[in-house]
Amino acid sequence: MKILIDRTVKNEKSRPNFKRIYEDLIHFKYPDKRKELCEILDKEKLTDYDLIRLNISLFGDQQHNQKLKAYDKETIIRMLDYQKKNRLNNTQLAIHFNLSRNTVTKWKRRFI
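Residues numbered from 1 in each chain as written. Predicted model: local features only at pLDDT ≥ 70, side-chain atom pairs only at ≥ 80, totals over all residues. Heavy atoms only, no water.

A. Fine view of the overall build of the protein. Counting secondary structure elements, the protein contains 7 helices and 0 strands. Ordered by position from N to C terminus, the α and β elements of the protein give α-α-α-α-α-α-α. Within the protein, the proportion of its 112 residues that are buried is 25%. Contacts spanning at least 24 positions in sequence make up 50% of the contacts within the protein whose residues lie at least 6 apart. When the accessible surface of the protein is summed, it comes to about 8800 Å², and 51% of that surface belongs to carbon and sulfur atoms. (Helix = DSSP H or I, 4+ residues; strand = E, 2+ residues; numbered from the N terminus. Buried < 20%, exposed > 50% of the residue type's maximum accessible area, 1.4 Å probe, protein only. Contact = heavy atoms within 4.5 Å. Areas by Shrake-Rupley, 256 points an atom, 1.4 Å probe, with all protein chains shown as cover.)

This is the structure we're talking about:
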């Protein structure tokens, strides 16, 4: 049991400080978007979903290689909620978040 706890702490520490990275990026390259993104950046800890929202807001559809991206359970559920709230089909959700339609289908089977 102690080993699992130690690994969890180690994984938390090995994650980059995305909040600081995005704050610097906005400060130097996109200062006009600071007010628009302050709701996300004011959080103490950014989730994967927050990072996706930041990327879409800053870079639009310039993200090409998302094949090896991993999402946590909370983010997947929020994406599926987004689909339901906006009445999107699997294809539309996949295009919006730059995912595979098969991935969306697997998530729906697993989490809904």
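So much for the structure itself; the text now carries on.
B. The arrangement of unusual backbone geometry in detail. The phi angle at R87 is positive, at roughly 55 degrees, despite the residue not being glycine. Position of R87 relative to the elements: it lies in the loop between α5 (73-85) and α6 (90-97). Look at N98: it is not a glycine, yet its phi comes out positive at around 60 degrees. With respect to the element layout, N98 can be found in the loop between α6 and α7 (101-111). On the basis of relative accessible area, N98 is assigned to the partly exposed category, the value being 30%.

C. Structural detail: helix α4 (residues 48-59). Between its first and last C-alpha, α4 extends 16 Å over 12 residues, near the 16 Å set by a 1.5 Å rise per residue. Taken residue by residue, α4 has D48, Y49, D50, L51, I52, L54, N55 and L58 as its buried positions. Next to the buried residues of α4 lie α2 (18-28), α3 (34-41), α5 and α6. G60 sits one or two positions beyond α4 and adopts a positive phi of about 65 degrees. (Expected span 1.5 Å × (residues − 1).)

D. Inspection of the nonpolar core at higher detail. Counting 12 residues, the largest nonpolar core is built from Y49, I52, Y71, I76, M79, L80, L93, A94, F97, L99, V104 and W107. For W107, the residues in contact, after removing those within four places along its chain, are Y71, I76, M79, L80, L99 and I112. Grouped together as the second largest cluster of nonpolar side chains are 9 residues, I26, L37, I40 and L51 included. (Core = buried A, V, L, I, M, F, W, Y, C linked by side-chain atoms within 4.5 Å.)

E. Seen up close, the pattern of salt bridges. Per the counting criterion, the structure on display carries 2 salt bridges. Of the charged contacts, one joins D50 and K43 as a salt bridge, the two residues approaching to 3.0 Å between their closest N and O atoms. Taking relative accessible area as the criterion, D50 reaches 0% and is therefore assigned buried. Looking at K43, the relative accessible area reads 29%, which means it is partly exposed. Note that D50 is salt-bridged to R53, the shortest N-O span being 3.9 Å. (Salt bridge = Lys/Arg side-chain N within 4 Å of Asp/Glu carboxyl O.)

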